[in-house]
Amino acid sequence: MLEAFINVFAPAPMFFIFLGVLLGIVVGAIPGLGGAMLIALLLPVTFYMDSVLALMLLVSIYVGSVSGGLITAVMLKMPGTPSAVMTVLDGYPMAQQGRAGRALSLGIVASFVGGIVSWLFLALLSPPLADFALKFGPYELFTLVLMALVLIATIAEGTLVKGLLIALFGMAVAMVGPDASSGVMRLTFGVDGFSGGFSLLPVLLGVFVISQIIEDVLKKEVPIRQQGGKLTEFMPSAGDVRRHGSNVVRSSLIGTWIGVLPGVGSAIAAIVAYSTAKSFSKHPETFGTGEEAWVVAAEASNNASVNGALIPLITLGIPGSVIDAILIGALVIHNLQPGPLLFTNSPEIAYGVIAAALVANFMMAALMFAGVRPIARIATISRAYLFPTIIVCCVIGVYSLSNSMSSVWVMIVFGVLGFLFRRGGFPIGPFVLGYILAPLAEKQLRSGLMLYDGDLTPLLTRPISLFFVVLTLVLAIWPLVQARMKAR
Amino acid sequence: MKYLIEERRGEAICLLLLLATGIALLVGAAALPAPMFDPLGPAGLPRYIAYLMLVLLAVRLAALVREVGAETAERRRNMLGAGERGIPRAEGTDAPQFVKLLLVSLITLIYLAALTFGGIPFIWLTLVFLAALGAAMSDGSPRRLIAVAAIAVVLSFALTYIFTDVLSVVLPE
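This structure is a prediction, so every number in the text was calculated from the model and none was measured.

All names here are of chain B. With 22 residues, helix α2 (residues 9–30) should cover 32 Å at 1.5 Å per step; its first-to-last C-alpha distance of 32 Å lies within 8% of that length. Among the residues of α2, those classed as buried are Glu11, Cys14, Leu15, Leu18, Gly22, Leu25, Gly28 and Ala29. The buried side chains of α2 occupy one side of the element, clustering within an arc of 155 degrees when seen end-on. Projecting away from the buried face of α2 at angles above 90 degrees are the exposed residues Leu16, Ala20, Val27 and Ala30.

Looking at chain A, pLDDT values average 82 and 92% of them are 70 or higher. For chain A, per-element mean pLDDT is lowest for helix α11 (residues 266–280) of chain A, which scores 76, and highest for helix α17 (residues 405–423) of chain A, which scores 91.

The accessible area lost on association of the parts is a frequent measure of interface size. Taken residue by residue, the interface counts 55 residues in chain B and 51 residues in chain A. Only α2, α3 (41–82), α4 (95–117), α5 (122–137) and α6 (142–166) of chain B provide two or more residues apiece to the side of chain B that touches chain A. The element contributing the most residues to the side of chain B that touches chain A is α3(B), with 10 residues. Looking at the side of chain B that touches chain A residue by residue, the class counts come to 39 nonpolar, 10 polar and 6 charged.

The next point concerns the nonpolar core. Side chains of nonpolar character tend, in soluble globular proteins, to be buried together. Residues and elements named next belong to chain A. In this structure, Ile39, Ala40, Leu58, Val74, Val145, Leu205 and Ala357 are the most contacted members of the largest nonpolar core, which totals 216 residues. Of all the elements, helix α15 (residues 347–378) adds the most residues to this core, at 18 residues. Non-local contacts of Ile39, meaning those with residues more than four positions away in its chain, are made with Leu58, Ile61, Tyr62, Ile323 and Ile326.

So, on to the environment of Ile49(B). Among the structural elements, Ile49(B) can be located in helix α3. Assessed through the 26 C-beta atoms surrounding it within 10 Å, Ile49(B) is described here as buried. Taking C-alpha positions, Ile49(B) is 42 Å from Phe122(B), a pair spaced 73 residues apart along the chain. Excluding anything up to four places from it in sequence, Ile49(B) contacts Leu168(A), Met171(A), Ala172(A) and Leu25(B).

The rules behind each value
- Residues numbered from 1 in each chain as written.
- Chains lettered and ligands numbered in written order.
- Predicted model: local features only at pLDDT ≥ 70, side-chain atom pairs only at ≥ 80, totals over all residues.
- Helix = DSSP H or I, 4+ residues; strand = E, 2+ residues; numbered from the N terminus.
- Expected span 1.5 Å × (residues − 1).
- Buried ≥ 20, exposed ≤ 12 C-beta atoms within 10 Å, placed from the backbone.
- Arc of directions from axis to C-beta.
- pLDDT = per-residue confidence, 0-100.
- Contact = placed C-beta atoms within 7 Å.
- Nonpolar A, V, L, I, M, F, W, Y, C, P; charged D, E, K, R; others polar.
- Core = buried A, V, L, I, M, F, W, Y, C linked by C-beta atoms within 7 Å.

Rendered as structure tokens:
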């Protein structure tokens, strides 16, 4: 760990962390774009970079993008990212009351503290958790992936059935191409273009970037007005620590815990922390009127969820959020195996990510304090300038990895599919996680079957896999029980 | 079915797509060889995914029919109560925005087709694409069109330089 920290302070890592945080804050601030989009877009560029630097850049974008939403939420009444949705509710009223500076400073400090609290968990829990995970056999890993998939489908927006259906569709897409165990070509239907399967990058860029552009083109572009006034009261005082200290710590812990849960993400963390802060408040009626506590709760928790989500990513190879699923893709592109062996085989990556997450958090706070006004201005850039550039970058990125235009067409097809699913009310997150996790689930299940001579009973006799099976069943059945109880 | 298509068109299309995927998985799995090294074999997981998809599709379809039935009954009740006022239509997409999407799609498809078939250098094709797409997405004001043209020139040269000379990426020719 110490070595990773010494390395991270070299000029190159510092430059990429700075660049990542800056880019992340900017895309996080621009409504319609987001961290997932930028990270997917930059994946092909990182292919030409050193693995450690590439991962540092991507993790820094992640940290920056969750924070950037605060600026536009407060100053433009537009959540740049879904995680800033709750910040708008009280952040913008504060700006209208002439307290934009106050809302921003509290939000930045809360984000920073949230990041630090969750980083402590990341740094302290990850190595022992990875050691523990090394004891997992194939059935334990299979049931863990199964639980992650069900959890993702349960929590995703829309119904449980829709979430499960789209996750299964993602798994089906991952099945196309050579079977990893036998080398047999699967589901290619005689089409040569399918023989390599659907690569990660065209699928990701299609469902995240192209589908979002189609969706945004269908919406009318409205001119964005910035909340005026001077950014006074910009630095928090000692009194703020007394007033908001417990709220920040509580929200940070909530954010960390929710981040650890597979596929849940920062938006849910903000909603839960906001609701919890409300239930603890003596004046819940002030909700939505420009109350500082709500801004603090939402921002501390959404930033805390970033480091929380990195814990299952680097210890188990299970994505804590959609962005983490893309980060798993980045590891795979760099020929690295996400999971407990990362600490053993590539410690420079595992500890590098942990060190970069901390440094990125400091840079985020510094950049946000320094660049509120210009970043808010960037967020008003017309899409007539942005979207064509993004499409060209997608084309170059996908083409460069395969030297073939067929991958570009695959990206377009997945873009249209992503758009259709969005329109049909299907969440995109479970699709990506199903696509990423299916090969892992299949590999572990088949290894387990080979190990136990085709016997499935160890799924229920081994304590850890039994625990995950029971948890999976509870997660799948609970929404149905809840619906029944509501109906009564 | 009429209401299902009118009001739930988006979801109905997705369910059809998922149904087609489920059937394709079953057909594809049937053509795969028997298991060689493990009891599941290459066809195992695709087949189970297909079964699960079909069961869940049936569940969702049943729920959808129930929901649409309830909405239709509600609509009829409201129609009787509201008389001539009727019920406002569900929020849809503006026609001009839809035309804009068609235009954007057409420009993008032409660009990609030109890159696929080759013949025109990437830099010039990208310059024209950036300018045309930017103009199609803009509000048409002269100021914005000039900015779009300037950005197209700068970006096409800058992107080509960065990717070919700095990152040594082979671009479509």
